[in-house]
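A look at the structure
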Amino acid sequence: MSTELQPAQRPLQQASLARFWGYFLWLGATGFGGPIALAGYMQRDLVERRGWVSSEDYLEGLALAQLAPGPLAAQLAIYLGYLRAGTLGASIVGLAFIGPSFLMVLGIAWAYVRYGGLAWVQPAFYGIGAAVVAIIARSAWKLARMVLRQDRVLWAIFAVLAVSTAVTGREVIWLFLLGGLVAYLAKAKLRTATVQAQLLAPLLGTSVVVPGKVWELLLFFTKAGAFVFGSGLAIVPFLYGGVVQQHHWLTDRQFLDAVAVAMITPGPIVITAGFIGYLVAGTWGAMAAAAGVFVPVYLVVLFVSPFFKKIAANSQARAALQGVTAAATGAIAGAVYVLGRRAIHDWATVLIAVAALLITLRWKVPEPLLIAAAALAGALLYR
């Protein structure tokens, strides 16, 4: 009989804060595959192999990352840093995890601007754009199956946001909050829900206008970061509505390039904020946009972690969060249509998109590899 201890039974190893920081610096520089893959790497490395984190703490952090706003992988990393060394641990782990991909995106954005949008690689991006749409479609389907299950209320919220995003080309924040309220009302007492809605009204009516592109970027991306639930791709439709249609900071082509750059670099997908910020306002714009996306994640960990077990046990709070998550999933589905109209416009892009979708449905191909194949196909088929 084997006497090997399971991860939950092994005594925890007390790694120094420097080694903990080093691990997340390495993961931020080499971690491809999206939020679920990154969360899986943390479980494999920190729980199973190194024994630095208990299975219970990891699962609690994963639950927080799934329920609270913020990109899943970054939320989980910051939470584990918080458990290791409080505010200091959350701060240095967050910077280590986000820093490498931010610097990579900053370098690519500089080259993009310096060489006139990288016109010499536009044939590659011609294929990448179509593949990106296919990847987002696959992610929307997987996320919908995981989040919505057989819940008719959540499917209704999903449908409303999918249609509204597809028709308007942007996300309506009021519908996100309404989705949370509808799910809350479906499982809570009407009297309590009415009180909560009254408390939210002054907040929703507040609007702050700060002059200057950098401050505009900071405010916009902070708002965006507060409405990313679970998958980093949830930010795509929100950003498209604001960056392209509302503020006209980027063209359709530039936006698709920004999403593609985030997919071919390691780390969280929402680091695309840095690329967009650089195109709008240079280095300061990149820092403001990236800070805006991740500040809500960081603050959620600091303020929610001490009370998370009680919050997670509250069925009414979970219902509201599930409603907002269903809304975010619907917005991703709507974004597939919006982005698809721009990226898929001839027989070659249709062929690339269909092939990419079929591959993602049939095999677990790493996204960077799929993007590279689409780039090659685009270069061969571009006219």
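Above this note sits the structure.
Our subject in this report is the structure included herewith. Here the structure is a predicted model, which is why all the values come from computation and not from measurement.

Turning our eyes to something else, we now look at the pattern of salt bridges. As enumerated under the stated definition, the model contains three salt bridges in all. The shortest N-O distance in the salt bridge between R44 and D45 comes to 2.9 Å. Assessed through its relative accessible area of 3%, D45 is described here as buried. Close ionic contact of R253 with D257 constitutes a salt bridge, the shortest N to O distance being 3.3 Å. Highlighted residues: R253 and D257, both in helix α11 (residues 252-264), separated by four residues, approximately one helical turn. For R253, a relative accessible area of 28% puts it in the partly exposed group. Each of R44, D45 and R49 takes part in a single network of salt bridges with overlapping partners.

Counting residues in each nonpolar core, the largest one holds 113 residues, and the members touching the most others are F24, M42, F97, F221 and L239. If one sorts the elements of this core by residue count, helix α4 (residues 72-114) sits on top with 18 residues. Setting aside chain neighbours within four positions, we find F221 in contact with L239, V243, A273, I276, A289, G292 and V293.

In this section: the environment of P71. Within the fold, P71 resides in strand β1 (residues 70-71). When its relative accessible area of 3% is taken as the criterion, P71 is described as buried. Taking the C-alpha atoms as reference points, P71 and V293, 222 residues apart in sequence, are found 9.0 Å from one another.

Note: most residues except glycine have negative phi, and most peptide bonds are trans. One non-glycine residue, R149, lies in positive phi territory at about 50 degrees. With respect to the helices and strands, the residue R149 is situated in the loop between α5 (122-148) and α6 (152-168). For R149, a relative accessible area of 59% puts it in the exposed group. Even without a glycine there, the phi angle at H248 is positive, about 55 degrees. Counting through the fold element by element, H248 comes out in the loop between α10 (235-246) and α11.

Another aspect to go through is a nonpolar patch on the surface. The grouping of W141, W155, V350, V354, L358 and L361 at the surface amounts to a nonpolar patch, some 560 Å² of accessible area in total. In terms of residue count, helix α15 (residues 347-362) provides more of the nonpolar patch than any other element does, four residues in total. The residue V350 is located in helix α15 in this model. Residue classification places V350 among the partly exposed positions, given a relative accessible area of 40%.

Reading guide: rules and limits
- Residues numbered from 1 in each chain as written.
- Predicted model: local features only at pLDDT ≥ 70, side-chain atom pairs only at ≥ 80, totals over all residues.
- Heavy atoms only, no water.
- Salt bridge = Lys/Arg side-chain N within 4 Å of Asp/Glu carboxyl O.
- Buried < 20%, exposed > 50% of the residue type's maximum accessible area, 1.4 Å probe, protein only.
- Helix = DSSP H or I, 4+ residues; strand = E, 2+ residues; numbered from the N terminus.
- Core = buried A, V, L, I, M, F, W, Y, C linked by side-chain atoms within 4.5 Å.
- Contact = heavy atoms within 4.5 Å.
- Patch = residues over 30% accessible without salt bridge, like charges linked within 9 Å, V, L, I, M, F, W, Y side chains within 5 Å.
- Areas by Shrake-Rupley, 256 points an atom, 1.4 Å probe, with all protein chains shown as cover.

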